[in-house]
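Here are the chains, one letter per residue:
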Amino acid sequence: MDIGIVGLGLIGGCLGLDYRALGHRVYGVARREETCTAAIAAGVVDQASPDQAILAGMDLVVICTPIAAIVPTLTALVPHLAPHTVVTDVGSVKGEIVAAATALWPRFVGGHPMAGKAEVGLAAAELGLFRQRAYVITPLPETPPDGVDILDGLATSLGAIVLHCAPQAHDRAVAWISHLPVMVSTSLIQACLQESDPMVQQLAQQLASSGFCDTSRVGGGNPELGMMMARYNQGELLRSLRVYQNQLRAIADLIEQGHWDSLETLLQHSHDARSKFL
Ligand code: NAP
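Here the structure is a predicted model, which means the values were calculated and not measured.

### A look at the site of the ligand
The full set close to the ligand counts 23 residues, and Leu10, Ile11, Thr65, Ser92 and Gly121 are the nearest of them. With respect to the ligand, the backbone of Leu10 contributes an N or O atom lying 2.8 Å from an oxygen atom. One of the backbone nitrogen or oxygen atoms of Ile11 is found 2.8 Å away from an oxygen atom of the ligand. Computed on the free molecule, the ligand has an accessible area of 880 Å², of which 83% lies beneath the protein chains in the complex. Listed by contribution, the elements that provide at least two residues to the shell around the ligand are α1 (10–21), α3 (67–77) and β6 (108–113). When the residues that make up the shell around the ligand are grouped by side-chain class, the tally is 12 nonpolar, nine polar and two charged.

### Focus on the packing of helix α10 (residues 234–256) against helix α11 (residues 260–277)
As a packed pair, α10 and α11 sit with axes 8 Å apart at the nearest point and diverge in direction by 145°. Crossing handedness for the pair α10 and α11: left-handed. The residues of α11 that touch α10, namely those facing Gln247, Ile251, Leu254 and Ile255, are Trp260, Ser262, Leu263 and Leu266. The residue inventory of the contact of α10 with α11, partitioned by class, reads six nonpolar, two polar and no charged.

### Examining the pairing of strand β7 (residues 134–138)
Consecutive residues of a regular strand have side chains that alternate between opposite faces of the sheet. Summarising burial for β7: four of the five residues are buried, a large majority. As paired elements, β6 and β7 share four bridges and run antiparallel to each other. From the neighbouring strand, Pro113 faces β7, where its bridge partner is Tyr135. Tracing the backbone out of β7, into helix α5 (residues 145–157) and back to the parallel element strand β8 (residues 161–164) gives a crossover that is right-handed.

### Remarks on the environment of Leu22
Turning to its location among the elements, Leu22 is positioned in the loop between α1 and β2 (25–29). Sequence spacing of Leu22 and Ser157 is 135 residues, and the spatial spacing of their C-alpha atoms is 8.0 Å. If we skip the residues at most four places from it in the chain, Leu22 touches Ser157 and Leu158.

Conventions we followed
Residues numbered from 1 in each chain as written. Predicted model: local features only at pLDDT ≥ 70, side-chain atom pairs only at ≥ 80, totals over all residues. Heavy atoms only, no water. Near = heavy atom within 4 Å. Polar contact = N/O pair within 3.5 Å; in protein donor to acceptor, adjacent residues only side chain to side chain. Areas by Shrake-Rupley, 256 points an atom, 1.4 Å probe, with all protein chains shown as cover. Helix = DSSP H or I, 4+ residues; strand = E, 2+ residues; numbered from the N terminus. Nonpolar A, V, L, I, M, F, W, Y, C, P; charged D, E, K, R; others polar. Axes fitted to C-alpha atoms, helices over the stretch in contact; angles between N-to-C directions. Left-handed = near helix turned anticlockwise from the far one by under 90°. Contact = heavy atoms within 4.5 Å. Buried < 20%, exposed > 50% of the residue type's maximum accessible area, 1.4 Å probe, protein only. Pairing = 2+ DSSP bridges. Right-handed = clockwise from strand over helix to strand, strands pointing away.

In structure tokens, the structure reads:
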């Protein structure tokens, strides 16, 4: 297949490496000539250009820009697309984007490969990032089934675990397991930084080990991506944050009142539930 990728960063770069390894011809578009040259040198694309005209005649185009740029990118892309081209995106939020993109291009199929790294940019791209990771496809009732099948087949060929759901269901689910954890984790980092005794803060830093590493990881990730998750999934993220605030308050009450048995019961429930949830 001829596959176009717009936005040659981490996710665009990883997709390019995988699709080329599978024998597809990959054409890239980036804003800067240097990125195009670097992407060809890294083996991420066969050809690349800042000019979207390079994507005329593609079977599939994947938009891998930051969330805010997905719809403007598609708007600029539409005049260059062949009637049969399926367009997808990789944005971490789906509701607003899928509605706007489908209005621009009826053969748009929303997608979200649920894999990432702490680093961003083309230099961090690697083969096989999506293997054994969820890849969510979010069609609307009017989305052409053959377009959904093409994306499903390609995502499956990456070794991903493909799931289909409505865009709104996706956004509510990722609020719980992706967007809320980013805000909780960043709050943890911010709270620790509020220790007023410099000696204690330094000691805490020296003592921080795997537990703090795990719980602070997503809060220390890509700031632009975290902000975009909140901006484009505001309603669902706020809903989950309110539930979380209530839960935190309930735990603080148990501790304040010395209800140790209740606290242990809650911790036991979480211990049991976590292994089932994952
Ligand atoms: P990234 O490494 O920063 O890549 C984004 C690329 O888009 C950059 O290489 C940049 O290329 C280009 N770009 C930036 N602003 C643009 C604009 N206004 N117009 C056109 N191109 C622009 O970020 P990423 O992590 O790959 O994220 C890209 C998308 O993947 C986002 O929509 C995100 O929601 C989604 N996603 C990310 C993850 C993750 O964990 N990282 C996971 C799943 C999905 P130039 O600056 O060279 O032009």
